[in-house]
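So the chains spell out like this:
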Amino acid sequence: MAGPRRALGRLLRATFLREGRPRRVPWGLARGLRLEVDPGAPVHVYLGTAELELARDLRALARPGMCCYEVGSHNAYYALILARLTGGPVLALDFDESALERIAHNLALNPGPAASIEVVRAYVAHERDPAVGAETLDYLVASGRAPAPGLLVIDVEGAEATVLAGAHEVLRRHRPHLIVETHSQAAEAACAAQLQTCGYAPPRVRERRRWLAENRRGHNRWLIARGEPGDQR
C-alpha cells in the first residue's frame, strides 16, 4: 500500500500543490482555512485529513474562551484551528526562521482567526538560555509574557519531554489539558512520567489510524492528558 500512497501523493502535489501557492482546505477541522503550500508538509494537511485521530479530542478539550498554545507551530495549522474552536487567545511558539515566515504567511491568509493568535519566537526547553533563545513555559507564564494555558498542543519532533520539564509549575498550578505527539517509545515514556510527576493520571494513548493512513515511519502517536484548566490559582 505504501507504493500507491506515495504515487497518489506525488500526483496530488504535481496537480494541486505548487510550492508557495495558497490552498483552501476542503475538509476537517481546518475546513475553509487557506494555507500556503509547504513542500515538506504532507498532502493530508491541504486536504484537511491530517491527524483526523485528534479531531474528537480537540473538540472536547478546546473550550470557548480558553487560552491555547501550539508548541512547535511549524505553519500555524493547529493555532488557526484552536483560534476558531475557542475564540480565545492562542500562542504559536516556534524558533525556526522558515517556520516563523510560514506562520506569518498563513496568518495573513486567515485574518479572522489570526486576530487572536500571538506568535512567540522561542525555543521552548527545560531551562532558560537567552543567548540561544531558549525559554521555558514556566518562565513565560510566571513573567507575564504569556497567559496561563488551558490547552497545550505539543509537537517538537522528539523534544516533548524537554518542553514538559520546563513546565512543571504551569502543569501543577494551572492544570492545562495536553495533547503531546511523541516520536519514539522512549520519548513517550519520558513524557508520561513527567505528567504523572505533576499530578496527572496516566495519559491516554491515541494510536494512528490505519484507514486513510498518513505516510509516517517508526513509532508515532499521541498522549492525551486531561487537566483542570478552570483552576487558575
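Shown above is the structure to which this text applies.
Residues numbered from 1 in each chain as written. Predicted model: local features only at pLDDT ≥ 70, side-chain atom pairs only at ≥ 80, totals over all residues. Heavy atoms only, no water.

### Considerations on the environment of T136
Right, so step 1: Relative to the assigned elements, T136 resides in the loop between β7 (134-135) and α7 (137-142).
Right, so step 2: In the structure, T136 is positioned 12 residues away from V124 in sequence and 5.5 Å away in space, judged by C-alpha atoms.
Right, so step 3: Each residue touching T136, except ones within four places of it in the same chain, is listed here: A125, H126, E127, R128 and G166.
Right, so step 4: Among the polar contacts made by the side chain of T136, one reaches the main-chain amide nitrogen of Y139 at a distance of 2.9 Å. (Helix = DSSP H or I, 4+ residues; strand = E, 2+ residues; numbered from the N terminus. Contact = heavy atoms within 4.5 Å. Polar contact = N/O pair within 3.5 Å; in protein donor to acceptor, adjacent residues only side chain to side chain.)

### Describing the packing of aromatic side chains
Right, so step 1: Within this structure, the stated rule accounts for two aromatic pairs.
Right, so step 2: Geometrically, the ring pair formed by F95 and Y123 is tilted, given 6.5 Å between the ring centres and 55 degrees between the ring planes. Remark: Y123 occurs in strand β6 (residues 123-124) and F95 occurs in the loop between β4 (90-94) and α5 (97-109); sequence separation between them is 28 residues.
Right, so step 3: Over the ring of Y139 we find R128; its NZ or CZ atom is 3.7 Å from the centre of that ring.
Right, so step 4: The aromatic ring of Y200 is capped on one face by R175, whose charged end is 4.3 Å from the ring centroid. (Phe/Tyr/Trp six-rings, centres within 6.5 Å; stacked < 30°, edge-to-face > 60°. Lys NZ or Arg CZ within 6 Å of the ring centre and 35° of its normal.)

### Focus on the side chain of E135
Right, so step 1: In this structure, E135 sits in strand β7.
Right, so step 2: Overall, E135 belongs to the buried group, its relative accessible area being 8%.
Right, so step 3: A distance of 3.1 Å separates the side chain of E135 from the side chain of R145, its partner in a polar contact.
Right, so step 4: In this structure E135 touches A122, Y123, V124, A125, E127, R128, L140 and R145, once residues within four positions along its chain are discounted. (Buried < 20%, exposed > 50% of the residue type's maximum accessible area, 1.4 Å probe, protein only.)

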